[in-house]
Amino acid sequence: MKNVLLVVLLIVGIQLSAQVKEELFIPVDTETNKVKFQGVVEEEGSKYELFKRSIYWLNATYKDPVRVTSVRDRETAKVVGRHRFRIYYWDRDSVKHIGGMINYTFTVEMKDDRYRYIIDEIVLKSKTNIPVEKWLDKNDPAYDPRWDQYLVQIRDFVNNWSSNLEEKMKPEPEKVVEEW
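Figured I'd write up the structure that's included with this text. Throughout this document, residue positions are counted from 1 along each chain, in the order its sequence is written. Local features are withheld for residues below a pLDDT of 70 in this predicted model, meaning they are given only at 70 or higher, and side-chain atom pairs are given and counted only at 80 or more; totals for whole chains, interfaces and linings count all residues. Remark: hydrogens and water are excluded; side-chain values derive from all non-hydrogen atoms of the structure.

### Digging into helix α2 (residues 47–61)
Reasoning step 1: Starting at the N terminus, helices and strands are each numbered in turn, a helix being any DSSP run of H or I of at least four residues and a strand any DSSP run of E of at least two. The length a helix should cover is 1.5 Å for every residue beyond the first. Over its 15 residues, α2 extends 20 Å from the first C-alpha to the last, a length consistent with the 21 Å expected when each residue adds 1.5 Å.
Reasoning step 2: Partly exposed residues are those whose accessible area sits between 20% and 50% of the maximum for their type, while under 20% is buried and over 50% is exposed, using a 1.4 Å probe and protein chains only. Those residues of α2 lying buried are Leu50, Phe51, Arg53, Ser54, Ile55, Trp57 and Leu58.

So this is what it looks like as C-alpha cells:
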C-alpha cells in the first residue's frame, strides 16, 4: 500500500513539474521603453458615429465618465481619460490581499471605419508612483515574485477592457419596421 501511494505521489509530482509556465507577454513601446497596450479595430461607421458610440461606451463602463475623461473632442474624434483599478496578491494560505492601485491613461481615436485604443502610463499608485516597467526586470535586486501576478492582472484587465470597448463600438442592428 505504501508503494502504491509513493508511486502515485511520484507521478503527480512529475506531472506538476512538467507543466510549462505560461509565457507572460507585456507589450513595451520601443521608443519610450514604457508598457503600452494598443489596438486598431476596423468597424463600420463614420468617425462621428464611432465617436458617439465611444461616448455610449464611456457612460456604460465608468461610474463617473465626466471625471474620468480629460478630452472629449468631437472634431478630432478623440477621447482621453485616466482611471484606476485594484490589484491583489494571495499569501501562502490563499488569503487575498490588496496589492495596490494601478493608475492608467487611455486614448480612443476614431477615423472613418476604424478606431484605435491605447492604454499607457500604467503606474502603481504610491508616494512615488512606481512604473510597471520595473516589474519586468527579474534581475532587479528588489524583485518580488508577486510582480508576475500583478502583470498578469494588468494584462487581463486590459484584455477585458478592450473586449468591452470592441463590443460597445459595434453598430446597433437596424430595427425592422413591420408594415402590415
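From this point, the narrative continues.
### Some points on the side chain of threonine 107
Reasoning step 1: With respect to the element layout, threonine 107 can be found in strand β4 (residues 96–111).
Reasoning step 2: Once you skip the residues sitting within four places of it in the chain, threonine 107 turns out to touch Lys78, Val79, Val80, Arg116, Tyr117 and Ile118. We call two residues in contact when some of their heavy atoms are within 4.5 Å.

### Some thoughts on the packing of α2 against helix α4 (residues 146–168)
Each pair of packed helices can be described by the angle between their axes along with the distance between the axes.
Reasoning step 1: Here an axis means a line fitted to C-alpha atoms, over the contact stretch when the element is a helix, while the angle between two N-to-C directions is reported on a 0 to 180 degree scale. The N-to-C vectors of α2 and α4 enclose an angle of 130 degrees; their axes lie 9 Å apart at closest approach. Judged by the angle between their axes, α2 and α4 are oblique. The chirality of how α2 crosses α4 is right-handed. Contacts between α2 and α4 involve Arg53, Trp57, Ala60 and Thr61 from the first element and Trp161, Asn164, Leu165 and Lys168 from the second. Working rule for angles: under 35 degrees goes down as roughly parallel, over 145 as roughly antiparallel, 65 to 115 as roughly perpendicular, anything else as oblique. In a left-handed crossing the near helix is turned counterclockwise from the far helix by less than a right angle, and in a right-handed crossing that turn is clockwise.

### Some words on the side chain of asparagine 103
Reasoning step 1: Its place among the elements puts asparagine 103 in strand β4.
Reasoning step 2: Sequence-distant contacts of asparagine 103, that is, excluding residues within four places in its chain, are made with Arg82, His83, Arg84, Glu121, Ile122, Val123 and Lys125.

### Concerning the packing of aromatic side chains
Reasoning step 1: Stacked, tilted and edge-to-face are the three classes assigned to paired rings of Phe, Tyr and Trp, where Trp is represented by its six-membered ring and a pair needs centres within 6.5 Å; plane angles under 30 degrees give stacked, over 60 edge-to-face, the rest tilted. Per the counting criterion, the structure on display carries twelve aromatic pairs.
Reasoning step 2: Taking the centre distance of 5.9 Å and the plane angle of 85 degrees together, the rings of tryptophan 57 and tyrosine 62 count as edge-to-face. Each member of the pair, tryptophan 57 as well as tyrosine 62, carries the same accessibility label: buried.
Reasoning step 3: One aromatic cluster is present, formed by Trp57, Tyr62, Phe85, Tyr104, Phe106, Tyr117, Phe157 and Trp161 through successive ring pairs.
Reasoning step 4: The lysine or arginine in question, lysine 96, covers the ring of tyrosine 88, its NZ or CZ lying 4.2 Å from the ring centre.
Reasoning step 5: Only Lys NZ and Arg CZ are tested; either one counts as a charge over a ring when it is within 6 Å of the ring centre and within 35 degrees of the ring normal. Between the NZ or CZ atom of arginine 146 and the centre of the ring of tyrosine 89, over which it lies, the distance is 4.3 Å.

### Quick word on the nonpolar core
A general trend in soluble globular proteins is that nonpolar side chains are found buried together.
Reasoning step 1: In plain words, nonpolar cores are sets of buried Ala, Val, Leu, Ile, Met, Phe, Trp, Tyr and Cys residues tied together by side-chain atoms within 4.5 Å. One finds Phe106, Val108, Trp135 and Trp161 to be the most contacted residues of the largest nonpolar core, which totals 36 residues.
Reasoning step 2: Elements with a contribution of two residues or more to this core: β1 (37–42), α2, β3 (78–90), β4, β5 (114–124) and α4.
Reasoning step 3: Considering each element in turn, this core owes the most residues, seven residues, to α4.
Reasoning step 4: Setting aside residues up to four positions removed in sequence, valine 108 forms contacts with Trp57, Ala77, Lys78, Val79, Tyr115, Arg116, Tyr117, Trp161 and Leu165.

### Remarks on the pattern of salt bridges
Reasoning step 1: Salt bridges, as used here, are contacts in which a Lys or Arg side-chain nitrogen is within 4 Å of a carboxyl oxygen on Asp or Glu. Enumeration over the complete set of coordinates arrives at eleven salt bridges.
Reasoning step 2: Close ionic contact of glutamate 49 with arginine 53 constitutes a salt bridge, the shortest N to O distance being 4.0 Å. Of this pair, glutamate 49 and arginine 53 both sit in helix α2, four residues apart, which is roughly one turn of the helix.
Reasoning step 3: Taking the relative accessible area as the measure of exposure, glutamate 49 reaches 41% and is therefore partly exposed.
Reasoning step 4: Here lysine 134 and aspartate 140 are joined by a salt bridge, their closest N and O atoms 3.0 Å apart.

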